[in-house]
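Listed here are the chains, written in short residue letters.
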Amino acid sequence: MKELENKEFEELIGRIIEAEREIPVDPLLAERVMTTLLREPEKRPVSPFYVRLFPYFVKAACIVAALVSGVYLGTLSPAGGGYQDNSGQLALHDGYIEGLDVLLNE
Amino acid sequence: MELVNGMSDQELIESVLKGNTACYRGIVLKYQQQVFRICIGFTHCNEDAEDLCQEAFMQAFCSLKGFKFQSAFSTWLYRIAVNACLNFKRKAASHKTYLQGGTLDEIDRTLNIKHAGRADDYIVFEKEIAARLHSAIAGLPGKQRVAFILSRYEKLPQKEIAAMLDTTTGAVEQLLQRANEHLRKKLRGFYEENVK
């Protein structure tokens, strides 16, 4: 019976581990990683500029919408059918004036 | 430091973070063999090692923003690979799907080339020792196993292993000594029975 000395042990496991170390990695590994990364953009550490700017686009759109609707609503008369002129006085639209004319003529 | 396309690790990483994803290919090509060797050390199976290698690179990519250049990029990447391997082993142990001996055919092929002309018995003996070694490595306590694999499979210096394990080089030396002793004990019986 031969005892497993330190030197023999080192040689033995050295040979086995060296054989495993020599196994080459699949040359297509980098391609696989890159394909997966490009297929799954949510995994990117940084988004493209248009994704990063998306919240700002939304905020800008909301502000514009609020301004436009505010201006539009502000021009409508609370009396219904009328509008405010630049002086802020209630003006009558054409349809109402036409109806008034009809009544007066009668 | 080895440069890829004339770019250092830091330049490649900064380029990736600016949105130039294609630069990540350079990082993968530079470190794939090293990461693969670590994964082989844990799994001893080509297919599993390749899957883990891919997973490690994906995780590294997703966490790249968190890398602050306080350590070498390789140290950070190897730590991710080690964690992926440990998680894999934990899951495999709970699902009992782990098949041992995946690289034995590769070892067999390599040993056949190296020991051409030697008795077949000897090659069979070394193959059996390899299977027992794999089993013994898997049986090492956590930190001993990590230190042993990084030292033997990736040949990392003790200083770098210490940085990865957040410990001192003296502690790593002790871990390696204990791991070697443990493995020697495990292999001694079979060796002494078969080698006269």
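Note: the structure precedes this text.
Just so it is clear, the model here is predicted, and its values are computed rather than measured.

Remarks on the environment of Val33(A)
- The residue Val33(A) is located in helix α2 (residues 29-39) in this model.
- By relative accessible area, Val33(A) is classed as buried at 0%.
- On a C-alpha basis, the gap between Val33(A) and Ser69(A) in space is 49 Å, while along the polypeptide they are 36 residues apart.
- Beyond its immediate sequence surroundings of up to four residues, Val33(A) is in contact with Tyr24(B), Val28(B), Gln54(B), Phe57(B) and Met58(B).

Some remarks on the interface of chain B and chain A
- On the side of chain A, 37 residues touch chain B, which itself brings 53 residues to the contact.
- Around 4300 Å² of area is buried between chain B and chain A when both sides are counted, 66% of it from carbon and sulfur atoms.
- The three residues of chain B that bury the most area against chain A are Met58(B), Arg184(B) and Tyr191(B), which together make up 15% of that side's buried surface.
- The tally of links between chain B and chain A comes to 4 salt bridges.
- Salt-bridge contacts for Lys155(B) lead to Glu18(A); the nearest nitrogen and oxygen are separated by 3.9 Å.
- Summed over the shared surface of chain B and chain A, the result is 12 residue pairs in polar contact (both at pLDDT 80 or more).
- No other element matches the 9 residues that helix α2 (residues 24-43) of chain B contributes to the side of chain B that touches chain A.
- When the residues that make up the side of chain B that touches chain A are grouped by side-chain class, the tally is 26 nonpolar, 12 polar and 15 charged.

Regarding unusual backbone geometry
Residues and elements named next belong to chain B.
- The backbone phi angle of histidine 44 is positive, close to 55°, even though this residue is not glycine.
- Mapped onto the fold, histidine 44 is located in the loop between α2 and α3 (46-62).
- A positive phi is found at aspartate 166, a non-glycine position, where the angle reads about 55°.
- Within the secondary structure, aspartate 166 is located in the loop between α8 (158-165) and α9 (169-194).
- Among the residues examined, aspartate 166 registers a relative accessible area of 67% and is labelled exposed.

Some points on the pattern of salt bridges
- According to the stated counting rule, one finds 10 salt bridges over all chains in the structure shown.
- Measuring nitrogen to oxygen at the nearest pair gives 3.0 Å for the salt bridge that ties Arg37(B) to Glu154(B). Placement of the pair is Arg37(B) in helix α2 and Glu154(B) in the loop between α7 (142-152) and α8, with a sequence separation of 117 residues. Note on accessibility: Arg37(B) and Glu154(B) belong to one class, buried.
- Among the salt bridges present, the one from Glu128(B) reaches Arg132(B), with a minimum N-O distance of 2.9 Å. One end of the pair is Glu128(B) and the other is Arg132(B), both in helix α6 (residues 120-138) and 4 residues apart, which spans about a single turn.
- Classification of Glu128(B) by relative accessible area gives partly exposed; the value is 31%.
- Residues joined by salt bridges that share partners form a network here, namely Glu18(A), Arg21(A) and Lys155(B).

The rules we used
Residues numbered from 1 in each chain as written. Chains lettered and ligands numbered in written order. Predicted model: local features only at pLDDT ≥ 70, side-chain atom pairs only at ≥ 80, totals over all residues. Heavy atoms only, no water. Helix = DSSP H or I, 4+ residues; strand = E, 2+ residues; numbered from the N terminus. Buried < 20%, exposed > 50% of the residue type's maximum accessible area, 1.4 Å probe, protein only. Contact = heavy atoms within 4.5 Å. Buried area = accessible area lost by both parts, 1.4 Å probe. Salt bridge = Lys/Arg side-chain N within 4 Å of Asp/Glu carboxyl O. Polar contact = N/O pair within 3.5 Å; in protein donor to acceptor, adjacent residues only side chain to side chain. Nonpolar A, V, L, I, M, F, W, Y, C, P; charged D, E, K, R; others polar.

In short, the description is geometric, and any link to function would need to be established separately.
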